[in-house]
Amino acid sequence: FMDMLNKSVEILKNGDNSDNQEIIEMDVDVSCLITEDYINDIVARLKYYKKISSSKAPEDNLLIRDEMIDIYGPMPEYVENLIEITNLKISLKGKNIKYIKLLENIIKINFIDQSAINIEKVMANTMKLDFKILKNNMIQLKIDGDEFKKKCKGKISPKTINSLNFHSLACQ
């Protein structure tokens, strides 16, 4: 949501979309938000949404996390989820990924340039995972466990994404 809001504000300010940045759309089955219970002031909540959505590296989010804990106390799970999903999006940039859906133990991935994907290479790199190619050329992976952080840090971590070699698959 914040990515879309920031992009809309940028377009309104400049009259065009000068920031041609890759946007990865994500759907998750857990709450990822900063609620009024944690930060009462709406302006402060929006400030943190903007900071988190604008971060360029996980280290940026670590500083934001530390700042929030210093000011507002221990971070609820749904705020941790927001930071984890943002870190995951950062790690997936440049991997030819357009859309990713995390639902229980299922991961669905859609690519920016599907014609550039070498399915044989993807299948070879996912031999240990339950792997399916869906009718719309979306890839579905089934992972062990359903804990959200395991999804973000474990099976679809930057290390796993790199082992799947999605980035180099764009060059058949």
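Figured I'd write up the structure that's included with this text. (Residues numbered from 1 in each chain as written. Predicted model: local features only at pLDDT ≥ 70, side-chain atom pairs only at ≥ 80, totals over all residues. Heavy atoms only, no water.)

1. Some words on helix 4 (residues 77-92)
The terminal C-alpha atoms of helix 4 lie 22 Å apart, and with 16 residues this matches the ideal 22 Å at 1.5 Å per residue to within 8%. A large share of helix 4 lies buried, amounting to 13 of its 16 residues. Of the residues flanking the end of helix 4, it is Gly 94, one or two places downstream, whose phi is positive at about 80°. (Helix = DSSP H or I, 4+ residues; strand = E, 2+ residues; numbered from the N terminus. Expected span 1.5 Å × (residues − 1). Buried < 20%, exposed > 50% of the residue type's maximum accessible area, 1.4 Å probe, protein only.)

2. Describing the pattern of salt bridges
For the structure on display, the rule yields two salt bridges. Glu 67 is the partner of Lys 51 in a salt bridge, and the nearest nitrogen-oxygen pair spans 3.0 Å. With Lys 51 in helix 2 (residues 42-54) and Glu 67 in helix 3 (residues 58-72), this residue pair connects regions lying 16 residues apart in the sequence. Note on Lys 51: relative accessible area 30%, which makes it partly exposed. Between Glu 80 and Arg 65 there is a salt bridge; the shortest N-O distance is 2.7 Å. (Salt bridge = Lys/Arg side-chain N within 4 Å of Asp/Glu carboxyl O.)

3. Observations concerning unusual backbone geometry
Unlike most non-glycine residues, Asn 96 shows phi in positive territory, near 65°. Tracing the backbone shows Asn 96 in the loop between helix 4 and strand 2 (97-103).

4. Let's talk about the packing of helix 3 against helix 4
Each pair of packed helices gets described by two things: the angle between the helix axes and the distance between those axes. Between helix 3 and helix 4, whose axes approach to 9 Å, the crossing angle comes to 165°. In terms of orientation, helix 3 lies roughly antiparallel with respect to helix 4. Where helix 3 crosses over helix 4, the handedness of that crossing is right-handed. Note on element contacts: helix 4 touches helix 3 through Val 79, Glu 80, Ile 83, Thr 86, Asn 87 and Ile 90, opposite Pro 58, Asn 61, Arg 65 and Met 68. Along the lines of polarity and charge, the residues of the contact of helix 3 with helix 4 split into five nonpolar, three polar and two charged. (Axes fitted to C-alpha atoms, helices over the stretch in contact; angles between N-to-C directions. Parallel < 35°, antiparallel > 145°, perpendicular 65-115°, else oblique. Left-handed = near helix turned anticlockwise from the far one by under 90°. Contact = heavy atoms within 4.5 Å. Nonpolar A, V, L, I, M, F, W, Y, C, P; charged D, E, K, R; others polar.)

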